[in-house]
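Residues per chain are reported as follows:
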Amino acid sequence: MKTQLLVLAFMIAGLFMKAQTWISYNQTNGLADNNVQTIAIDAFGNKWFGTYGGGISKFDGSNWTTFTVNDGLVNDYVRVIKIDASGNLWVGTDGGVSRFNGVTWTNYTTFEGLSNNLVYAIEIDATGNKWFATNMGVSKCNDVNWTIYTTANGLANNIVTAMAIDQANNLWFGTWGGGVSKFDGANWTSYSQANYVHVVKPDANGNIWFGTATGLKKFDGTVWTNYTTTNGLPANNVYAIAIDQSNNKWFGTNSAGISKYNGNAFINYNTSNGLIGDLVNTSIIDNNGNVWVGTMDGVSLYTAPVSGISENKITRTFSLFPNPATDAIKINLNEELIGTTFTITDNAGKIVKTGEISYTSMQIEILDLAPGIYVFAIDGKSDQKCKLIKQ
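Residues numbered from 1 in each chain as written. Predicted model: local features only at pLDDT ≥ 70, side-chain atom pairs only at ≥ 80, totals over all residues. Heavy atoms only, no water.

Asker: Describe the overall build of the chain, and please don't skip the residues or the numbers.
Answerer: From N to C terminus, the chain includes one helix and 35 strands. The C-alpha radius of gyration of the chain comes to 23 Å, within 12% of the 21 Å expected for a compact globule of 391 residues. Reported as C-alpha extents along the three principal axes, the dimensions of the chain are approximately 80 × 50 × 30 Å. Out of the 391 residues in the chain, the part that is buried amounts to 52%. Of the contacts formed within the chain by residues at least 6 apart in sequence, a portion of 43% connects residues at least 24 apart. As displayed, the chain has an accessible area near 17,100 Å², and 47% of this comes from carbon and sulfur atoms. Each charge sign in the chain was given a centre, from 24 positive and 29 negative side chains, and these centres are 5 Å apart. (Helix = DSSP H or I, 4+ residues; strand = E, 2+ residues; numbered from the N terminus. Rg over C-alpha atoms; globule rule 2.2 N^0.38 Å. Buried < 20%, exposed > 50% of the residue type's maximum accessible area, 1.4 Å probe, protein only. Contact = heavy atoms within 4.5 Å. Areas by Shrake-Rupley, 256 points an atom, 1.4 Å probe, with all protein chains shown as cover. Lys, Arg positive; Asp, Glu negative; His and termini not counted. Charge placed at Lys NZ, Arg CZ, Asp CG, Glu CD.)

What follows is the structure in structure tokens.
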């Protein structure tokens with residue numbers, strides 16, 4: 001009977017763990033403001049969250065750092081963050097643009113050459129030019145000179161709310177009321193099939209995806225395809241698009257959460273199954289294939305399955321519980337593991353805790369770990385590891 005109860009307990013725990021796909025962060029964890037408008041990831045794996053009213057939060061996996069106007073940011077109402085090849089942050093706000101090199105903030109407004117201080121989107125082209133989509137056209141800066149493009153040059157509308165660069169280095173501008181414009185560096189082409197555009201995203205197959213106020217539009221260079229709630233989208237107002245390593249498309253909506261599209265069907269996620277908020281503003285995929293979702297209520301992290309890591313707590317030589325855990329975990333091990341070493345690593349592969357295994361039953365304190373997904377492993381035994389969730 002005792003054995004049956006133990007097996008049942010592990011089965012229930014395993015089911016519970018599978019349900020814990022989402023990890024969420026908000027102001028109680030260290031986020032500057034819950035309204036997250038944009039997310040960028042630097043070369044070191046740091047996450048940069050642009051909030052609407054609280055400035056920027058940097059998260060290194062353990063610690064949070066906030067940057068505001070008091071530190072040099074031009075405006076605390078942040079709409080977009082892009083990172084250039086040198087690691088500089090370019091931040092678009094309601095009051096201009098800031099560049100941050102890790103030490104110094106440099107600000108740009110209409111005084112320096114920006115066409116308007118309300119900046120919706122930023123892109124950096126193959127030659128390093130910075131493009132800024134604003135409420136009064138598009139500004140290009142080559143670090144010395146500024147060039148402004150408006151309807152007088154061929155832009156479909158001066159209110160440019162989204163922007164992207166495709167594989168052929170064409171620039172795509174989504175506008176609010178004028179449709180879409182493509183610019184190849186010399187010629188402008190406008191399209192009316194997508195309008196009131198929140199986001200533009202090219203995929204690896206050469207398609208351009210547009211998230212609009214009236215649904216999702218895909219353009220393959222010839223044919224336009226529309227997707228709405230009748231096709232499976234949870235809502236028609238699409239604010240965010242991200243594409244993962246398996247070519248799944250993630251579409252964030254402003255009222256019904258985020259939807260994963262595999263080319264055939266939509267799988268919808270919202271507050272009922274783990275998302276922190278249903279009003280999604282932005283999303284991005286990290287190098288591990290995890291999906292970060294910025295909402296009006298904070299940030300949620302959807303963790304991708306990690307190759308070679310057991311989703312169940314039970315392995316052949318040890319068991320770990322509780323999982324998820326808040327302050328400590330207990331491990332039961334086979335005698336053959338005594339004298340070996342355990343490690344706990346974070347999502348970036350950094351070892352955050354290690355120790356020697358001295359007994360067949362041990363308790364490990366994890367109160368000092370930040371909430372998130374970790375990997376518990378036995379050194380020297382590649383098959384002896386499992387996912388650990390710290391709440």
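Now that the structure has been shown, the text picks up again.
Asker: Any chance you could break down the environment of Tyr149 for me, citing the residues and the numbers?
Answerer: Here Tyr149 lies in strand S13 (residues 146-149). Among the residues examined, Tyr149 registers a relative accessible area of 12% and is labelled buried. Each residue touching Tyr149, except ones within four places of it in the same chain, is listed here: Trp131, Gly137, Val138, Lys140, Leu155, Phe183 and Trp188.

Asker: Got a sec to walk through the sheet that holds strand S5 (residues 64-67)? Specific residues and values, please.
Answerer: With antiparallel pairing, the four strands of this open sheet are ordered in space as S2-S3-S4-S5. Whereas interior strands pair on both sides, the edge strands pair on one side only; in this sheet they are strand S2 (36-41) and S5. Pairs of neighbouring strands in the sheet enclose a mean axial angle of 20 degrees, with direction left out of account. As judged from the five bridges shared by S2 and strand S3 (residues 47-51), these two strands associate in the antiparallel manner. For Thr38, the partnering residue across the bridge sits in S3 and is Gly50. (Pairing = 2+ DSSP bridges. Axes fitted to C-alpha atoms, helices over the stretch in contact; angles between N-to-C directions.)

Asker: Break down the pattern of salt bridges for me, citing the residues and quoting the values.
Answerer: A full pass over the atoms with the stated rule returns four salt bridges. The partner of Arg79 in a salt bridge is Asp94, with the nearest N and O atoms 2.5 Å apart. On the criterion of sequence distance, the pair formed by Arg79 in strand S6 (residues 78-83) and Asp94 in the loop between strand S7 (89-93) and strand S8 (96-100) is long-range, its members being 15 residues apart. Assessed through its relative accessible area of 25%, Asp94 is described here as partly exposed. Across the salt bridge formed by Lys82 and Glu123, the nearest N and O atoms sit 3.5 Å from each other. Placement of Lys82 in strand S6 and of Glu123 in strand S10 (residues 119-124) is noted, with a sequence separation of 41 residues between them. Glu123 gets classed as buried once you look at its relative accessible area, which sits at 15%. (Salt bridge = Lys/Arg side-chain N within 4 Å of Asp/Glu carboxyl O.)

Asker: Could you give an account of the environment of Leu73, naming the residues involved and the relevant values?
Answerer: On the secondary structure map, Leu73 appears in the loop between S5 and S6. In this structure the C-alpha to C-alpha distance between Leu73 and Phe100, which are 27 residues apart in sequence, comes to 8.4 Å. Residue contacts for Leu73: discarding those within four places in its chain leaves Gly55, Ile56, Phe67, Thr68, Val78, Val91, Ser98, Trp105 and Asn107.

Asker: Run through the sheet that holds strand S14 (residues 160-165), naming residues and quoting values.
Answerer: Here four strands make up an open sheet; going across it, the order is S14-S15-S16-S17 and the pairing antiparallel. Edge positions in the open sheet fall to S14 and strand S17 (188-191), since each of these has one partner strand only. Taking the axes of each pair of neighbouring strands and ignoring which way they run, one obtains an average angle of 20 degrees across the sheet. With five bridges joining them, S14 and strand S15 (residues 171-175) adopt antiparallel strand pairing. By the bridge assignment, Ala162 is partnered in S15 with Gly174.

Asker: Mind laying out the nonpolar core, listing which residues take part and the relevant values?
Answerer: Grouped burial of nonpolar side chains is what soluble globular proteins tend to show. Counting residues in each nonpolar core, the largest one holds 20 residues, and the members touching the most others are Phe318, Leu320, Ile329, Ile344, Phe376 and Ile378. Put simply, the parts of the chain that give this core at least two residues each are strand S29 (318-321), strand S30 (328-333), strand S31 (341-345), strand S33 (361-365), strand S34 (372-378) and strand S35 (385-390). The contact partners of Ile378, leaving out residues within four places of it in the chain, are Phe318, Leu333, Leu337, Thr340, Thr341, Phe342, Ile357 and Gln384. (Core = buried A, V, L, I, M, F, W, Y, C linked by side-chain atoms within 4.5 Å.)

Asker: Go over the pairing of strand S28 (residues 298-302), please, and point to the residues and values.
Answerer: For S28, a buried count of five out of five residues is recorded, marking the element as mostly surrounded by other parts of the structure. Burial of S28 is two-sided: the residues Gly298, Ser300 and Tyr302 facing one way and the residues Val299 and Leu301 facing the other way are all buried. Looking at chain direction, strand S1 (residues 22-25) and S28 are connected through four bridges and run antiparallel. Counterpart to Ser24 in the pairing with S28 is Ser300. By the bridge criterion, five bridges tie strand S27 (residues 291-295) to S28 in an arrangement that is antiparallel. Across the sheet, the residue bridging to Gly294 is Val299, located in S28.

Asker: Explain the environment of Asn288 to me, and be specific about the residues and the numbers.
Answerer: Inspection of the secondary structure puts Asn288 in the loop between strand S26 (280-285) and S27. With relative accessibility at 41%, the residue Asn288 sits in the partly exposed group. The spacing of Asn288 and Gly298 is 10 residues in sequence and 21 Å in space, taken between C-alpha atoms.

Asker: I'd like a description of unusual backbone geometry, backed by residues and values.
Answerer: A positive phi is found at Asn169, a non-glycine position, where the angle reads about 70 degrees. Inspection of the secondary structure assignment puts Asn169 in the loop between S14 and S15. Overall, Asn169 belongs to the partly exposed group, its relative accessible area being 45%. Of note in the backbone geometry, Tyr196 takes a positive phi value of approximately 50 degrees without being a glycine. When you line up the elements, Tyr196 lands in the loop between S17 and strand S18 (197-202).

So yeah, pure geometry; function would need other evidence.
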